[in-house]
Amino acid sequence: MPRTIRAPFNFVPLNDKVYIPEWWNQVSQDIPFSDGEDGVIDVEIINLSPLFVRDGHGHGNKTNFSAHIIENDEKRYFIPATSIKGMLRSVMEILSFSKLLPNQFTDSYIGYRTFGGNSTDGGAYTRKMENVKSGWLVKKGNDFILYPCLRDFVKVPINAVKEQFREYDKGSSSWENNSKLKYPIVSNDGQNWKLVCTGYIDGKKKEYLFSEETKKGIVLSKEVIDKFITVYDPTPNFKPKKDSDDEHKKDGYLNWLYDGKTIAVFYLEENNGNIDSIGLSKMMRFPYKYNVGSIVRKQQKSDSRRDLCEVIWGNVNSNDDSSIKGRIQICNAFCTEIIDDSQLCGIKGVVLGSPRASYYPLYLKQTQQPYKDYNSSDALLSGRKRYRIHEENIPDDDLLPQGNENEKTKSHFNAVPANKTFKFQIRFHNLRKVEIGALLSALTFHNTDGTYHNIGAVKSFGYGKVKVVNNIRLSNLKYDMMSYLSAFELEMERFTKENLRSPWIDSEQLKTLFAIARGHEKNELKMMTLEEYGEAKKNNNFSWLTENFFAINSSISDKERLSLRKDNFKRDNAELFDNLKMFIQEQKYEDAQGVLRWIVNKGNIAGVDVDEEEQMLQNIGEKIKQKQEKEDYIRKQREEEEKRKKLEAGLGTQLESKFEFGPNVGKFKIQGVKRCMKEIESWLKKCKRKELNDQEKADFILTLRRLRNECKDKNEQKAWTNYESGSVWLAIRKYINDESLTKQFFDEK
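Values in this document were obtained by computation on a predicted structure and should not be read as measured data.

> Describe in detail the environment of valine 351, supporting the description with residues and values.
Note on placement: valine 351 falls in the loop between strand E18 (347-350) and helix H9 (360-363). As for valine 351 and asparagine 64, which are separated by 287 residues in sequence, their C-alpha atoms are 14 Å apart.

Have a look at this one:
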């Protein structure tokens, strides 16, 4: 598949999960963390390629020099602290899986137009534009009111316009023509019309005539006006350019509206007759269904809690009281030597610009044909835009776009030569170990060789490639740099393992960031021409930007990694560990033992250290043994007590006991002679005697009398009548052991 798209930038995939530190709402300038540190980091950076950072004290393009101050009539060049802060924070936002904040993207609508063979929507746009109508737009108070034309617009040949109005220029923009002609009245077929000029396009042959407006206007909704203003914002002379020296360029369609003037617009209606959209030409810039903001909010769910970057760098929220000050202060990075003007790279001109977010083949995530655009319900942003690092340290000035050679459209700069050293300090207050690690990780790309920052203007063309020198000096801190990096990586590793099921350094975000920060060949970085942008947009040339990933070194020690693996194992088996804790608290040791055996078995399979759990299993076994011994002892004590009570109660109580519950409740437990004899034998064993005493004999006879009276079994009844050889009387004589007493009982009626 051809890869025709190329660009000096690429995108780091946007993280859908945001890391929120546990201390997100505990940050204070006055009350330090117990483990908070105040310190200083001394940093040296070398610009490996020429460097140009806009002088903040200059105005527009009046100065061509990089940022500097004048000391002793000499220029002392520096990199502004704000530029360094932006450079570091943008990297940290990716490393720490932070939010894409509203001030980092334009939450506005994007418009599109498609013509002829360039159409990628199957002709939907063209069919929609067949229903365009004309009208006049004016602002009254806070309302924008559309007055539809009384008659449909008509087309007029350009040649006829040129004959009547010499000021008209076919190659000029709509604003340039309309601002000069001011919608002049034209007679056509006996009726008066107003001439409305639209923008230049190849092959254009017609302009338009609008009739007078209706008396009843339509108040447009805020959504329609917002779409109109944001869609046409990129159009030259739509908005006034207040920083321009040319008074004419401070004018514009929007300015006309705010001055109470009327402008000509084309519009589309919805099926219910409401106004759907308005534009400045018949083939208007039509707003996509979705804008960048709506896609961001779909990809990354809103969270009012502060992410790590907000906690460290601070944030400013005009909508609420959640603003906090940052705890980091960065100084300007001053060059260590004085650079004479003669040493500079010389003044160069360039037309700065790159594709806007409307160029969906780049700015939206593309994985397969057809291209997704901002009308696609499943559209996702490509991510955070970052400029790729150039392999060569000497920029190829042939890559600098020159536009149409109009010097007024160019930005001019005179870069500081390569290989100059700049020094600066980072001072911070009350940062925790993880936060210091995040700062150092952003500064050094997590101590990864062969990675570089880029800074300043024209970095897309190889300027501003900088390297952080290795001799970073930490002052007033408790640990060394690797300890801080390790603490940060461990924190992020826990987050990514839980949310991405992968190591932090293997996440798509880090691999892409680090790949972008390595050198790229010139043929990967050349800006496409307008023609190439158009060709690459066609689905038959479907392609996307790619990076060469490489293995990122970890700062975590083997011991820390084993501990982290154990933490992840506990998190993945949280339900088992929760049950284990509950069973131990409730002293259900057999259940706890079963859970522990599962944990140990799974841990051994996963290669996790389960020594602690094996020791716990052994301890649980001891507790079970102790519990069983205690229960056995209690049971024996209970049995002895019951035996004692039975002996004290006497044989009669034992022989005449009844069921207290169950289906036989209220009935005697002893129902037959055999059962009675067994009870007598058991009683003698308990008493450790061979004969019954007199009272026991009397109790025995009492029970025998009951059994004889209740007997219903014929065989047993017969046995009761055979005194000499019947089995009943043989057993009775054995235990009574008194012939006269036995004979006396037999003779009873």
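> Break down the pattern of salt bridges for me, citing the residues and quoting the values.
What the rule picks out here adds up to 37 salt bridges. A salt bridge links lysine 222 to aspartate 226; its shortest N-O distance comes to 2.6 Å. Pair noted here: lysine 222 and aspartate 226 are both in helix H5 (residues 222-231), with a separation of four residues, about one helical turn. Classification of lysine 222 by relative accessible area gives exposed; the value is 63%. Linking lysine 420 and glutamate 337 is a salt bridge whose minimum nitrogen-to-oxygen distance equals 3.1 Å. Pair noted here: lysine 420 is in strand E22 (residues 420-431) and glutamate 337 is in the loop between strand E17 (333-335) and E18, with a separation of 83 residues, a long-range link. The exposure class of lysine 420 is buried, given its relative accessible area of 11%. Overlapping salt bridges bring together Arg89, Glu93 and Arg384 as one network.

> An account of the sheet that holds strand E14 (residues 275-279) is requested, with residue identities and associated values reported.
Judged by pairing direction, the sheet is antiparallel, and its five strands sit side by side in the order E12-E7-E6-E13-E14 without closing on themselves. Since the sheet does not close on itself, it has two edges, and those belong to strand E12 (218-219) and E14, each with one partner. Where strand E7 (residues 143-148) meets E12, two bridges bridge the pair, whose relative direction is antiparallel. Bridged to leucine 146 within E12 is isoleucine 218.

> Kindly report on the packing of helix H20 (residues 673-687) against helix H23 (residues 727-736), identifying the contributing residues and their values.
To characterise two packed helices, one gives the angle between the axes of the helices and the distance between these axes. Following both chains from N to C, one finds H20 and H23 inclined at 20 degrees, their axes separated by 11 Å at the closest point. In terms of orientation, H20 and H23 fall into the roughly parallel class. As H20 packs across H23, the resulting crossing turns out to be left-handed. Residues Val673, Met677, Ile680, Glu681 and Leu684 of H20 lie in contact with H23, whose contacting residues are Val728, Ala731, Ile732, Lys734 and Tyr735. Tallied by class, the residues present in the contact of H20 with H23 amount to eight nonpolar, no polar and two charged.

> Outline the side chain of histidine 520, supporting the account with residue identities and numerical values.
Mapped onto the elements of the fold, histidine 520 is located in strand E26 (residues 519-520). Within the structure, the side chain of histidine 520 is placed 2.7 Å from the side chain of glutamate 547, a separation counted as a polar contact.

> A description of unusual backbone geometry should follow, citing residues and the corresponding values.
Residue proline 370 is bonded to the preceding glutamine 369 through a cis peptide linkage, with omega at -10 degrees. Along the chain, proline 370 falls in the loop between H9 and strand E19 (384-387). Even without being glycine, asparagine 430 reaches a positive phi, approximately 60 degrees. With respect to the element layout, asparagine 430 can be found in strand E22. For lysine 688, which is not a glycine, the phi torsion comes out positive at approximately 55 degrees. Note on placement: lysine 688 falls in the loop between H20 and helix H21 (694-710). Look at lysine 688 and you get exposed, because its relative accessible area is 76%.

> Account for a negative patch on the surface, with residues named and values stated.
A surface patch of negative charge is lined by Asp609, Asp611, Glu612 and Glu614. Tracing the chain through its elements places aspartate 609 in the loop between helix H17 (589-606) and helix H18 (611-649). A residue is classified by how much of its surface remains accessible, and aspartate 609, at 43% relative accessible area, is partly exposed.

> How would you summarise the nonpolar core if you had to cite specific residues and measurements?
In this structure, Leu137, Phe210, Phe228, Ile263, Ile278, Leu362 and Tyr374 are the most contacted members of the largest nonpolar core, which totals 74 residues. Considering each element in turn, this core owes the most residues, six residues, to strand E13 (residues 263-269). Once residues within four sequence positions are removed from consideration, isoleucine 278 is found in contact with Leu137, Leu220, Val224, Ile225, Phe228, Tyr232, Phe266, Tyr267 and Met284. Grouped together as the second largest cluster of nonpolar side chains are 67 residues, Val12, Tyr19, Phe422 and Phe445 included.

> Give a detailed account of the environment of phenylalanine 659, specifying residues and quantitative values.
Among the secondary structure elements, phenylalanine 659 is positioned in the loop between helix H19 (651-655) and H20. Each C-alpha atom of the pair phenylalanine 659 and isoleucine 670 lies 9.9 Å from the other, and the pair is eleven residues apart in sequence.

> Talk me through the environment of asparagine 274; I want residue IDs and the actual numbers.
Locating asparagine 274 in the fold gives a position in the loop between E13 and E14. For asparagine 274, a relative accessible area of 44% puts it in the partly exposed group. For the pair asparagine 274 and leucine 220, spaced 54 residues apart in the sequence, the C-alpha separation amounts to 8.9 Å. Setting aside its immediate chain neighbours within four residues, asparagine 274 contacts Leu268 and Glu269.

> Provide a residue-level description of the packing of aromatic side chains, including the pertinent values.
In the structure shown here, the tally under the stated rule is 42 aromatic pairs. Taking 4.9 Å as the distance between ring centres and 65 degrees as the angle between the ring planes, the aromatic pair formed by tryptophan 175 and tryptophan 256 counts as edge-to-face. In this pair, tryptophan 175 sits in helix H4 (residues 174-181) while tryptophan 256 sits in helix H6 (residues 253-258), placing the two residues 81 residues apart along the sequence. The pair formed by tryptophan 175 and tryptophan 256 is uniform in burial state, with each residue classed as buried. Each ring, one from tyrosine 360 and one from tyrosine 371, has its centre 6.3 Å from the other, and the planes form 65 degrees; the classification is edge-to-face. With a gap of eleven residues between them, tyrosine 360 in helix H9 and tyrosine 371 in the loop between H9 and E19 connect regions that are remote in the sequence.

What counts and how
Within every chain, residues take consecutive numbers counted from 1 along the sequence as written. Thresholds applied to this predicted model are a pLDDT of at least 70 for local features of residues and 80 or more for the giving and counting of side-chain atom pairs; totals over whole chains, interfaces and linings are not thresholded and use all residues. Excluded from the side-chain calculation are hydrogens and water; included are all heavy atoms of the structure. Helix and strand labels come from DSSP, where a helix needs a run of H or I of at least four residues and a strand needs a run of E of at least two; each type is numbered from the N terminus. Here, a salt bridge means any Lys or Arg side-chain nitrogen found within 4 Å of an Asp or Glu carboxyl oxygen. Residue exposure (1.4 Å probe, protein chains only): buried if accessible area is under 20% of the type maximum, exposed if over 50%, otherwise partly exposed. Whether two strands pair depends on DSSP finding at least two bridges between them. Axis lines are fitted to C-alpha atoms, over the contacting stretch for helices. Their N-to-C directions set the angle, which ranges from 0 to 180 degrees. Working definition: roughly parallel below 35 degrees, roughly antiparallel above 145 degrees, roughly perpendicular at 65 to 115 degrees, and oblique for all remaining angles. Should the near helix be turned counterclockwise from the far one by less than a right angle, the crossing is left-handed, whereas a clockwise turn marks it as right-handed. Should any heavy atoms of two residues lie within 4.5 Å, those residues are counted as being in contact. Under this grouping Gly is polar, as are all residues other than the nonpolar Ala, Val, Leu, Ile, Met, Phe, Trp, Tyr, Cys and Pro and the charged Asp, Glu, Lys and Arg. Polar contacts, as used here, are pairs of N or O atoms within 3.5 Å; protein pairs need one atom able to donate a hydrogen and one able to accept it. Residues neighboring in sequence count only if both atoms are side-chain atoms. Two distance rules govern patches: like charges are joined within 9 Å, and nonpolar side chains (Val, Leu, Ile, Met, Phe, Trp, Tyr) within 5 Å, applied only to residues with over 30% relative accessible area and no salt bridge. Residue-level accessible areas treat just the shown protein chains as cover; the underlying method is Shrake-Rupley with a 1.4 Å probe. Charged residues are defined here as Lys and Arg on the positive side and Asp and Glu on the negative side; His and the ends of the chain fall outside this count. A charge is said to be at NZ when it belongs to Lys, at CZ for Arg, at CG for Asp and at CD for Glu. Residue types Ala, Val, Leu, Ile, Met, Phe, Trp, Tyr and Cys, when buried and joined through side-chain atoms within 4.5 Å, form a set referred to as a nonpolar core. Aromatic contacts are taken between Phe, Tyr and Trp rings whose centres are within 6.5 Å, Trp giving its six-membered ring; a plane angle under 30 degrees counts as stacked, one over 60 as edge-to-face, and the others as tilted.

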